[in-house]
Amino acid sequence: MAKAIDFLTRTRGHGKLHWTDWFTYAYLLFGILLMFGPVVWLVMSSFKTDAELDRFPPRFLPYAAQTVELEGYSKPLPLYKVVSGELAGETVAQVRRIGLTSQVVRLDAPDQIVKIGLKDREPIERISIATENYTNLFSKFDFLRFFWNSTFITVVATVIMLIVNSMAAFALAKYKFSGRAAVMAMVIGVLMIPQTVVLVPLFIVTKELGMLDSLWGVIVPGAATPTGIFLLRQYMLTIPDEILDAARMDKASEWKIYWRIVLPLSAPAIAVLAILAIMWRWNDFLWPLIALSRSDNFTLQLALNSFQGEMTTQWSSLLAMTVLTLLPVALVFAFLQKYIATGIASTGGK
Amino acid sequence: MIRIVSFFMDLIDIPMRHAQRYLRGHSIAWVFLFPNLVLFGLFAFLPILLNVAYAFTGTDNIMLWDRTYVAGENFAALTACSNYLDANSCELDLFWRSVHNTLLFIVLQVGIMVGVSLVTALILNRRIRARGFFRSVFFFPVLLSPVVVALIWKWILQRNGLMNAGLEQLGLERVVWMLDRNWAFAWSVFLSVWAHMGFYTLILLAGLQAIPRDVYDAATMDAAKPFRTFYRITLPLLMPTMLVVMVLALIKGVQTFDEVYAFTGGGPGSATTLIIQYIYETGFAGAPRLFGLASAASIILALVLAALTFLQLKFTRRNADG
Amino acid sequence: MADLRLKNVTKSYGAVEVIKGVDLEVAHGEFCVFVGPSGCGKSTLLKMISGLESITSGDLYIGDDQVNEVAAAERGLAMVFQSYALYPHMNVRQNLSFGLENLKTPKPVIEEKINAAAKMLQIDELMDRRPRDLSGGQRQRVAIGRAVVREPRIFLFDEPLSNLDAELRVDMRSEIAQLHRQLGNTMIYVTHDQVEAMTMADKIAVLRSGLVEQYGKPLDLFNDPANIFVAGFIGSPKMNFIQGELQGNRLLLKNGESIELPEARFHLKDGAKVTLGIRPNDIAPGSDATHGLNANIKSVEQLGGDSYIYAVSDMGDNITVHRPGQVNVSVGDKLLLEVDVDTTHLFDTETGLTLRKNRTGNTSEASAQ
Ligand SMILES: Nc1ncnc2c1ncn2[C@@H]1O[C@H](COP(=O)(O)OP(=O)(O)O)[C@@H](O)[C@H]1O
Ligand SMILES: [Mg+2]
């Protein structure tokens, strides 16, 4: 054990722990708590029953009262352990509660009602996962519809963006044509026009193209990004021109050079951009909020936002839906966090 | 799947070969650029022009030809104030309230964000175990969608939530956070820092790691104390990265909408209504839809953002050069 | 019949003229080497032949056809690049077949050609590997294989051996020479290494700043260099140069010594400033003062079979002497070096051109500027 502590606290340098080392590890521990804690709390809560969600103060693990089905009662009855009074030590089922007294029955005599004080009994609980929070999403809400909308938008928009941006990046990286500088300047210009400052005209252009309130209206307007062009072009510049020349000698057309040589060789950059694009699209909120109005077309984010208004009391479904919405992102993160980190660092964000 | 894509791509090859024959040399580049340029034109450059057109026309008609030219009326309305520091004295008080909110928001958010990110980056840059793991711990919330972030914290801050349980544990009174103007604003700043700090930490960490080891070794040989090393070596060498981070944070901060809107809806009252929300509600959510006013506000915002982006490019380029 | 013909070909990048008018003919089946210092335009010239670079002016013929405007892929040439330029994401087999697939060659034929080439180049074991899993020499073979399967009319090589280590380079040199014998194609080979040029070429074109200084058979270039540049560039160790002035048939050196020159070999003009070129083999310690030159020995390399003496003349010129066998001299000795005037070269110092009579060989050369 001492060895384990030694191992954990050892700095990579040498010698004893300085107070700064203690501070470092305290900070990191606090970081884990602050960053993961809320998410863990959310996930835990999403497995709780409505009754447990209302409980104050809340408990970490999802508990549910243990119940029993007794003859003569239509609903399952919650079980209690009696802690004081006549029946002390026995397990009883509560039929109903009136004021400060509780009407209970013994399990072996279900028709004989006994009245005991509320303080004399303790609920028998066990950890129980309220899966109905999740199953309700599918039965009561159109969760699959929103999930499909989000997925469709994310996948199609990402694919279009990768193709369109990589073509442009290829042109800007591998050809010396007159006007290249002008095009580069244009790309930088677009960098200065984020979607947020052209919402009104974007809405109108999209409307005129007949794409308003359709998934395409979300997909197409953001399909070309300057960030994507910069990222891919930077990478393509590192591919030696000699390889392209070799392909030209091999009678490959320019299109073939693009998609059989340059595109496969840019795979690492494409992967980074794909992950970024998936994240952007999956989490996108403002533009879908403007472009989509029928709830049939809502993405998960929109659905989540609109339901939090409607279902203020229905935290159970809302929490479950939140968990399902962040799940794909969490999975992507778990498997690809290295790529994401380097990708984000290299683009400087959107 | 790959076959299908292959087939499709080979199909494109046929017209491309013809294009190649007509476009001598490097002019073929234009063919590759075409789809992108069309998208940029339709969804970036055309909108910027339209924005101007809408900002100078009035009525709630959506089609440009149905609108009447009103010259600078929209801008005049936006800027009609007897005292710019007092939103109540303005014709469009909500606009000015959102401007004030946004200014306060970015001052707090960027300040705290840069501070916290710097400390975190410095800590992650120490000789610690499992640095990759800790880096991703702080980075994780960056990936969460704004709506999810808002709901996570809303759940914690609700009346019967974890935060109030903690307060009670400490013997304090419960607070209904979301109904208090100041608390709602403060938590909005907090949540936005929580969600985005990992991103800036990452950039600062990269900046720290780019400082050559031997500079520190030299400082050690010069018997510099740790704090002195920090002020005289780390901080100056990190300054370019800090500038980039600050400007980036400003650019994004000004455009904050999603998480705060999902968190507070702009309330209570208009306590957390930021500028983008104002534009959104003026142009799309309210009735009548005041496209002209929204466009005019957008143009003001665009000018601010263009200036900031210009700064960002300048700093980034200087970084790359030096 | 000439396989390749260049007529006053030039190339400019903007205002900079990189190739300044090259005339060249390469006969079918010839192994032609472009040699010259780095930056002289060899690669540019080769790329112009390949079609990867456009021609600014002049004409390029392949066979009887003027091909200035013909795209690279249509010229029926194949190229081996300095960096090999293998497709990193394809295995060896795919690297070899990519070009043939683009030509819509039927699958079985591709298979057959690839296997034959692989066997010839001894890369048949490596067919499923990616380029990064190959050694430098193996990559080189694959790059050559990629050219071979195309069965091109002309092979183009751009410094294909410069990325290999010295030993491998010697091996590959003879393999490429053997490949040439085997295939009988025309090959154009660019290098900055004159040893490579001498050992491999049927014909050498010596380039300097975008001009062909001399074009001819290797030994003709060695024995009868057209100017000081070619003389200095071809041959190893380098030719020794000594400047002086003509006085009748004598070369007067600055320190008053003189060397008698045979009038039958050179155009001698009284008072002309000239440069005497002496190959290290054509000078040796001796006693005949009429063709002699006093020098101090700086260092001596005795290799057993060969000996090199590095000396400095009284005027300060470095002089290298190569003798077969072993010599009995030591550092610091003062020595009379006797020049073999029947094999020496003489150049006009100003124009750099040779003053030799009865030029041998059918070489062509750039006219004096
Ligand atoms: N694309 C280009 N633009 C401008 N100058 C070039 C270009 N390519 C080559 N050059 C110049 O042309 C000259 C010849 O280059 P090159 O043919 O590559 O020389 P080498 O003989 O070493 O192969 C060099 O001075 C080089 O700087
Ligand atoms: Mg070269």
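Parameters and conventions
Residues numbered from 1 in each chain as written. Chains lettered and ligands numbered in written order. Predicted model: local features only at pLDDT ≥ 70, side-chain atom pairs only at ≥ 80, totals over all residues. Heavy atoms only, no water. Helix = DSSP H or I, 4+ residues; strand = E, 2+ residues; numbered from the N terminus. Contact = heavy atoms within 4.5 Å. Areas by Shrake-Rupley, 256 points an atom, 1.4 Å probe, with all protein chains shown as cover. Pairing = 2+ DSSP bridges. Domains from an automatic or database assignment. Buried area = accessible area lost by both parts, 1.4 Å probe. Salt bridge = Lys/Arg side-chain N within 4 Å of Asp/Glu carboxyl O. Polar contact = N/O pair within 3.5 Å; in protein donor to acceptor, adjacent residues only side chain to side chain. Nonpolar A, V, L, I, M, F, W, Y, C, P; charged D, E, K, R; others polar. pLDDT = per-residue confidence, 0-100. Axes fitted to C-alpha atoms, helices over the stretch in contact; angles between N-to-C directions. Left-handed = near helix turned anticlockwise from the far one by under 90°. Buried < 20%, exposed > 50% of the residue type's maximum accessible area, 1.4 Å probe, protein only. Near = heavy atom within 4 Å. Patch = residues over 30% accessible without salt bridge, like charges linked within 9 Å, V, L, I, M, F, W, Y side chains within 5 Å. Expected span 1.5 Å × (residues − 1).

A. Region of the structure containing the overall build of chain C. Scanning chain C for helices and strands turns up eight helices and 21 strands. The dimensions of chain C, computed from C-alpha atoms along their principal axes, are 75 × 45 × 35 Å. Residue pairs in contact within chain C that sit at least 24 positions apart in sequence constitute 68% of those at least 6 positions apart. Surface summary for chain C: the accessible area is close to 16100 Å², and the carbon and sulfur share equals 46%.

B. Structural detail: the pairing of strand β18 (residues 318–324) of chain C. All names here are of chain C. Here strand β17 (residues 306–313) runs beside β18; their pairing, made up of seven bridges, is antiparallel. Within the sheet, the bridge partner assigned to Ala311 lies in β18 and is Ile319. Counting the residues that bridge the hairpin from β17 to β18 gives four residues, and of these Gly316 lies at a positive phi of roughly 100 degrees.

C. Broad picture of the sheet that holds strand β4 (residues 57–62) of chain C. Residue and element names in this part refer to chain C. Pairing is antiparallel across the open sheet formed by four strands, whose spatial order is β2-β1-β4-β5. The sheet is open, and its two edges are formed by β2 (16–27) and β5 (65–66), each paired on a single side. By the bridge criterion, two bridges tie β4 to β5 in an arrangement that is antiparallel. If you follow Ile62 over to β5, its bridge partner there is Asp65.

D. Up close: the domain arrangement of chain C. All names here are of chain C. Splitting chain C by domain gives domain 1 (2–228) and domain 2 (240–348). Summed over both sides, the interface between domain 1 and domain 2 buries roughly 490 Å², with carbon and sulfur atoms accounting for 70% of that surface. Sorting the residues of domain 1 by area buried against domain 2 places Phe222, Pro225 and Ile228 first, and these three jointly supply 84% of that buried surface. The interface formed by domain 1 and domain 2 includes zero salt bridges. In this structure, the connection of domain 1 to domain 2 is made through one residue pair in polar contact (both at pLDDT 80 or more). Looking at the side of domain 1 that touches domain 2 element by element, the count peaks at three residues for helix α7 (residues 218–223). Broken down by class, the residue content of the side of domain 1 that touches domain 2 amounts to five nonpolar, two polar and one charged.

E. Representation of the domain arrangement of chain A. If you check the domain split of chain A, you get domain 1 (2–45), domain 2 (67–123) and domain 3 (141–345). Each of domain 2 of chain A and domain 3 of chain A has a C-alpha centre, and these two points are 59 Å apart.

F. Quick peek at the environment of Gly99(C). Mapped onto the secondary structure, Gly99(C) falls in helix α2 (residues 92–102). Non-local contacts of Gly99(C), meaning those with residues more than four positions away in its chain, are made with Asp250(A) and Arg150(C).

G. Main features of the confidence of the model for chain A. On average, residues of chain A carry a pLDDT of 82, and 90% of them reach 70 or more. Confidence drops under pLDDT 50 across residues 1–13 of chain A; counting only partners more than four residues distant or on other chains, this segment forms 14 contacts.

H. Broad picture of the packing of helix α6 (residues 180–191) of chain A against helix α2 (residues 29–55) of chain B. Close contact between α6(A) and α2(B) brings their axes to 11 Å; oriented N to C, the two are set at 35 degrees. Considering only the axes of α6(A) and α2(B), their crossing is left-handed. Residue-level inspection shows Val183(A), Met186(A), Val187(A) and Val190(A) of α6(A) in contact with α2(B), the latter providing Trp30(B), Leu33(B), Leu37(B), Phe40(B), Ala44(B) and Phe45(B). The residue inventory of the contact of α6(A) with α2(B), partitioned by class, reads ten nonpolar, no polar and no charged.

I. Spatial organisation of unusual backbone geometry. Residues and elements named next belong to chain C. With an omega dihedral of -5 degrees, the bond running from Ser236 to Pro237 counts as a cis peptide bond. Here Pro237 shows up in the loop between α8 (228–233) and β11 (240–247). The phi angle at Asn8 is positive, at roughly 45 degrees, despite the residue not being glycine. On the accessibility criterion, Asn8 (45% relative accessible area) is partly exposed.

J. Just the site of ligand 1, in detail. Residues and elements named next belong to chain C. Within the structure, ligand 1 sits among Tyr13, Val18, Ser38, Gly39, Cys40, Gly41, Lys42, Ser43 and Thr44. Between ligand 1 and Tyr13, the relevant distance is 3.4 Å, taken from a nitrogen atom to a side-chain nitrogen or oxygen of the residue. Relative to its free-state accessible area of 570 Å², ligand 1 is covered by the protein chains to the extent of 56%. A total of three residues in the shell around ligand 1 trace back to one element, the largest contributor, which is helix α1 (residues 42–50). Looking at the shell around ligand 1 residue by residue, the class counts come to three nonpolar, five polar and one charged.

K. Representation of a nonpolar patch on the surface. Judged by side-chain polarity, Trp19(A), Phe23(A), Phe227(B) and Tyr231(B) come together as a nonpolar surface patch covering roughly 550 Å² of accessible area. Broken down by secondary-structure element, the contributors of at least two residues to the nonpolar patch are α2 (19–45) of chain A together with α10 (226–254) of chain B. Note that Tyr231(B) resides in helix α10.

L. Spotlight on the interface of chain B and chain A. Contacts between the two partners involve 102 residues from chain B, matched on the other side by 106 residues from chain A. The junction of chain B with chain A conceals about 9500 Å² of combined surface from both sides, 77% of it contributed by carbon and sulfur atoms. Looking at the side of chain B facing chain A, the largest losses of area belong to Phe32(B), Arg129(B) and Trp155(B), adding up to 9% of the total buried there. At the boundary of chain B and chain A, one finds one salt bridge. For Arg126(B), the salt bridge is made with Asp21(A), and the minimal N-O distance between the two is 2.5 Å. Counting across the interface, chain B meets chain A through 16 residue pairs in polar contact (both at pLDDT 80 or more). At 20 residues, α2(B) tops the list of elements feeding residues into the side of chain B that touches chain A. Considered class by class, the residues forming the side of chain B that touches chain A number 69 nonpolar, 17 polar and 16 charged.

M. How the structure looks around helix α1 (residues 2–22) of chain B. Counted at 1.5 Å a residue, the expected span for α1(B) with its 21 residues is 30 Å, and the 30 Å between its end C-alpha atoms agrees. Regarding α1(B), the residues found buried are Met9(B), Asp13(B), Met16(B) and Ala19(B). Packing partners of the buried residues in α1(B) comprise α11 (254–265) of chain A together with α2 of chain B.

N. Fine view of the pairing of strand β6 (residues 109–117) of chain A. Residue and element names in this part refer to chain A. Note that strand β5 (residues 101–106) and β6 share six bridges and pair antiparallel. Residue pairing in the sheet places Ser102 in a bridge with Ile116 of β6. What sits between the antiparallel neighbours β5 and β6 is a turn of two residues.

O. Representation of the sheet that holds strand β15 (residues 283–285) of chain C within the structure. Residue and element names in this part refer to chain C. Reading across from one edge, β15-β19-β16-β17-β18 is the order of the five strands in this open sheet, with antiparallel pairing throughout. With one partner strand each, in any of the chains shown, β15 and β18 form the two edges of the open sheet. On average, each strand axis in the sheet is tilted by 45 degrees relative to the strand beside it, whichever way the strands run. Bridging between strand β16 (residues 292–302) and strand β19 (residues 334–339) involves five bridges; their strand directions are antiparallel. Residue Leu293 lies in a different strand from β19, and its bridge partner there is Leu337.

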